[in-house]
Amino acid sequence: MKEVKAYGAQDKDAPLKEMNINRRDLLDNDVSIDIMYCGVCHSDIHAKLNDWGNAKYPIVPGHEIIGKITAIGSNVSKYQVGDLVGVGCMVDSCQECSACKEDQEMWCENGSTSTYNSKDPHLGGHTLGGYSKVIVVREEFVLKVPTNLETKAVAPLLCAGITTYSPLKHWNVKKGDKVGIVGLGGLGHMGIKFAAAMGAETVMITTSEEKAKDAKRLGANQVIISKDENQMKEHNDSFDFILNTIPVGHDVNPYLALLKRDCTMCLVGAIEPLENVHGANLILRRKKLAGSLIGGIKETQEMLDFCGEHNITSDIEMIDMQDINNAFERVQKNDVKYRFVIDMETL
């Protein structure tokens, strides 16, 4: 084992602070990565605060990792020392079940291994994430980063990027489709960029008039203020697809009314109970309310390649590692445009 510096918390009420953690010795199929940048995801905050009731302490968050390979195992064939790579939300899975064989490792039937807060199959205990100097990962879960992109702004693509890209691809968003993106935050700003790059008529749907200008800068063709009932009614039965990024429980019925017959709204933000869904909003036009998580490794690589082709990155604010507790507070207040990224040289 190798001891490395990290930032983590001993319990849900403790601040994140410097600590030492262990990384496993290099196995034959492993790569060792010196971490350069790590994005700050709202999931990091939920996990640290034990909002989902499954936190394992000490917790070291971070699953939007960019770095360079410093060592490779004897059987590694896809990567070389010096390669610029990424690690997202998963670091292992069984590779044998039907989900894994279909490149859907996030739904591994035997349980995928998350980058942090999962059972560690190698060292015992639980996995520790990217708020650290080094991570060791099997090569099947390492991603090639396009070198033409601004490296630090690639980090959030490993979670926010794939979370929004995957449903847009799954529901076959294409040129000419009218696509709504509900909520302008870390996920929503990526949804706008992807839908626009796919050629869709991209419409930002937000409660905030102040966000309209920024939404258009990001690529939206139009903005609807969801609090304005007249604006909403003007667009009823007109959308081919809606990506709903609102991160808390809310009334989905006004958004379902916007869909065309046989079309879908996909939730990617609200991992909690929703208010009552009116059945008529689904039944009378055969509309669908669906959900999506992240994407498999193959699709995540496809997303990164798409970003390289279309010059897409996240809008970020850089922070030092020592500012992470303040960053957590600001994320909870929605005070960031649109993702924090940690410069790991400051650890």
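For the structure itself, look to the data block above.
Not measured: the values here are computed from a predicted model. (Residues numbered from 1 in each chain as written. Predicted model: local features only at pLDDT ≥ 70, side-chain atom pairs only at ≥ 80, totals over all residues. Heavy atoms only, no water.)

A. Broad picture of the pairing of strand 13 (residues 239-244). Among the 6 residues that make up strand 13, 5 are buried, leaving the element largely enclosed by the rest of the structure. Both strand 10 (residues 178-182) and strand 13 contribute to a ladder of 4 bridges, which runs parallel. Looking at the pairing, Val-182 lines up with Asn-244 of strand 13. With 5 bridges connecting them, strand 13 and strand 14 (residues 259-267) associate as parallel partners. Paired with Ile-242 across the bridge in strand 14 is Met-265. (Buried < 20%, exposed > 50% of the residue type's maximum accessible area, 1.4 Å probe, protein only. Helix = DSSP H or I, 4+ residues; strand = E, 2+ residues; numbered from the N terminus. Pairing = 2+ DSSP bridges.)

B. Region of the structure containing the sheet that holds strand 11 (residues 201-206). Strand order in the open sheet formed by 6 strands is 12-11-10-13-14-15, with parallel pairing between adjacent strands. Of all strands in the sheet, those with a lone pairing partner are strand 12 (222-225) and strand 15 (288-291), marking the two edges. This sheet shows a mean twist of 20 degrees between the axes of neighbouring strands, independent of strand direction. Inspection of the sheet shows strand 14 paired to strand 15 by 4 bridges, in the parallel sense. (Axes fitted to C-alpha atoms, helices over the stretch in contact; angles between N-to-C directions.)

C. The arrangement of the nonpolar core in detail. If you look at the biggest cluster of nonpolar residues, it comprises 92 residues, and the most contacted ones within it are Tyr-131, Phe-194 and Ile-324. Grouped together as the second largest cluster of nonpolar side chains are 16 residues, Ile-205, Ile-246, Tyr-255 and Met-265 included. (Core = buried A, V, L, I, M, F, W, Y, C linked by side-chain atoms within 4.5 Å.)

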